[in-house]
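# Examination of the molecular architecture
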Amino acid sequence: MEKKIVFSGAQPSGSLTIGNYLGAIKNWVELQDEYDCYYSIVDLHAITVPQVPKDLRSNTLKQLAIYIACGIDPEKSTLFIQSHVPAHTELTWVLNTISYMGQLSRMTQYKEKSRKSEENLNAGLFTYPVLMAADILLYQTDLVPVGEDQKQHLELARDLAIRFNNKYSETFKVPEPLIKEFGARIMSLQDPEAKMSKSDSDENGYILILDDKDTIRRKIKRAVTDSLGVIAYNDEQLGIKNLLDMYSVFSGESIEEIVNRYEGKGYGILKEDLAEVVIEGLSPIQRKYDELSKNKDYLEKIYKSGAEKAEYQAMKTLRKVYRKVGFIPR
Ligand code: TYM
């Protein structure tokens, strides 16, 4: 029996945070044996916000090394750079022609980003979710493991698949999101009402996968909590809730077990222990990353063979789409 298909990606717009790791990459690793997985570094998405070209290049390679260091096995999964497979931009164009302006303008991420970057309110930011739909639909994807913030974009991808299928006949698989109960929305350490994000101007708000031990300890120690002084998991104590989420996903223990163990204890000790749990979770990744990042030839081999494999699959779908919309085959 053929394996079902998984597709996901992350933008190379700086270093990845433990939000990206817990909400996405950690789950990608778990799917590799059961599914045929495609994991992309979405550089086309990254240029919707200003980038320094040489940094984008180095961040792209760095991200490939991080994927592998986190446990994505290039022998099992297809790892590739989005811009290496032109079918992504080609399908985006076709999908643009069936995307409604109204629906795109209701995308939360677009509304937020357009508020923040008024001076660079470019058309790419607006059609960004259409490119994301193309990424997913090109591979006849069954399952898309993402964090909570991508849910609305996934809905759009599903809508576009259904709309195209209805208009032209069955062409795309309609994908399902995979959003885990815990870890899908890691919050900023400085503002537990905002998502942890690598674009945060306050670096105390996020922990990077590659942060060193002292930085991790310092950032967790400074994490904003509350004045109730009770370790409990509820929406009145969003800071503590966030720390418990991280603790649980990194350690594999249930929230209940952790809360019971810390009954009557102070926030300081919880933070100290959490820092060690995070350090322990990230250390093997960082060691592997240090090795990989020196081996540019190996990374090049991976992204080249990944692009070939991805292109082969993507072109099958694109040829079908071009035929259905009425283009003459070349
Ligand atoms: P990006 O690059 O912002 O994030 C990559 C993945 O990390 C998840 N994530 C989080 N999860 C939990 N807590 C957080 N604080 C947190 N921050 C980020 C995201 O949900 C995402 O899964 N548009 C996408 C990239 C993309 C994509 C795709 C994803 C492009 N094409 C096709 C899936 C399928 C994005 O900007 O993710």
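Below: a short report on this structure. In this text, all values refer to a predicted model and were calculated from it rather than measured experimentally.

### Observations regarding the side chain of Arg 163
Its location among the elements puts Arg 163 in helix α8 (residues 151-168). No salt bridge forms around the buried Arg 163; measuring N to O, its nearest opposite-charge neighbour Asp 159 is 4.8 Å away. Only 3.2 Å separates the side chain of Arg 163 from the side chain of Gln 103, close enough to count as a polar contact. Once residues within four sequence positions are removed from consideration, Arg 163 is found in contact with Ile 98, Ser 99, Tyr 100 and Gln 103.

### Re the packing of aromatic side chains
Scanning all chains against the criterion turns up 13 aromatic pairs. Three or more aromatic residues joined by ring pairs form one cluster here, namely Phe 7, Tyr 38, Phe 80 and Tyr 139. Over the ring of Tyr 262 we find Lys 265; its NZ or CZ atom is 5.7 Å from the centre of that ring.

### Observations regarding unusual backbone geometry
In this structure, Gln 140 takes a positive phi of about 55° despite not being glycine. Along the chain, the position of Gln 140 falls in the loop between α7 (123-138) and β4 (143-145). At Ser 169, a residue that is not glycine, the phi angle is positive and equals roughly 105°. Position of Ser 169 among the secondary structure elements: in the loop between α8 and β5 (176-178). Judged by relative accessible area, Ser 169 falls into the partly exposed class, the value being 36%.

### What to know about the layout of surface pockets
In this model, the second largest pocket occupies a volume close to 290 Å³. As for the second largest pocket, its lining consists of Glu 90, Met 315, Leu 318, Arg 319, Tyr 322, Arg 323, Phe 327, Ile 328, Pro 329 and Arg 330. By residue number, the principal contributor to the lining of the second largest pocket is helix α13 (residues 296-325), which donates 5 residues. Across the lining of the second largest pocket, the residue classes tally to 6 nonpolar, no polar and 4 charged.

### Points about the site of the ligand
Surrounding the ligand, one finds 27 residues, the nearest of these being Gln 11, Tyr 128, Asp 135, Asp 149 and Ile 186. Contact distances for the ligand include 2.9 Å between an oxygen atom and a backbone N or O atom of Gly 147. Bound to the protein, the ligand loses 97% of the 710 Å² it would expose on its own. Those elements that place two or more of their residues in the shell around the ligand are β1 (5-10), α1 (18-31) and α7.

### Observations concerning the environment of Leu 178
With respect to the helices and strands, the residue Leu 178 is situated in strand β5. The exposure class of Leu 178 is partly exposed, given its relative accessible area of 24%. Taking the C-alpha atoms as reference, Leu 178 lies 25 Å from Val 277; in sequence the two are 99 residues apart. Other than its neighbours up to four places away in sequence, Leu 178 contacts Leu 31, Leu 143, Val 144, Pro 145 and Val 146.

Reading the values: the criteria
Residues numbered from 1 in each chain as written. Predicted model: local features only at pLDDT ≥ 70, side-chain atom pairs only at ≥ 80, totals over all residues. Heavy atoms only, no water. Helix = DSSP H or I, 4+ residues; strand = E, 2+ residues; numbered from the N terminus. Buried < 20%, exposed > 50% of the residue type's maximum accessible area, 1.4 Å probe, protein only. Lys, Arg positive; Asp, Glu negative; His and termini not counted. Salt bridge = Lys/Arg side-chain N within 4 Å of Asp/Glu carboxyl O. Polar contact = N/O pair within 3.5 Å; in protein donor to acceptor, adjacent residues only side chain to side chain. Contact = heavy atoms within 4.5 Å. Phe/Tyr/Trp six-rings, centres within 6.5 Å; stacked < 30°, edge-to-face > 60°. Lys NZ or Arg CZ within 6 Å of the ring centre and 35° of its normal. 1 Å grid on protein atoms, 1.4 Å probe; cavity = no way out; pocket = protein on both sides within 12 Å on 5 of 7 lines; lining within 4 Å. Points joined across faces, edges and corners; volume = space filled by probe spheres on them. Nonpolar A, V, L, I, M, F, W, Y, C, P; charged D, E, K, R; others polar. Near = heavy atom within 4 Å. Areas by Shrake-Rupley, 256 points an atom, 1.4 Å probe, with all protein chains shown as cover.

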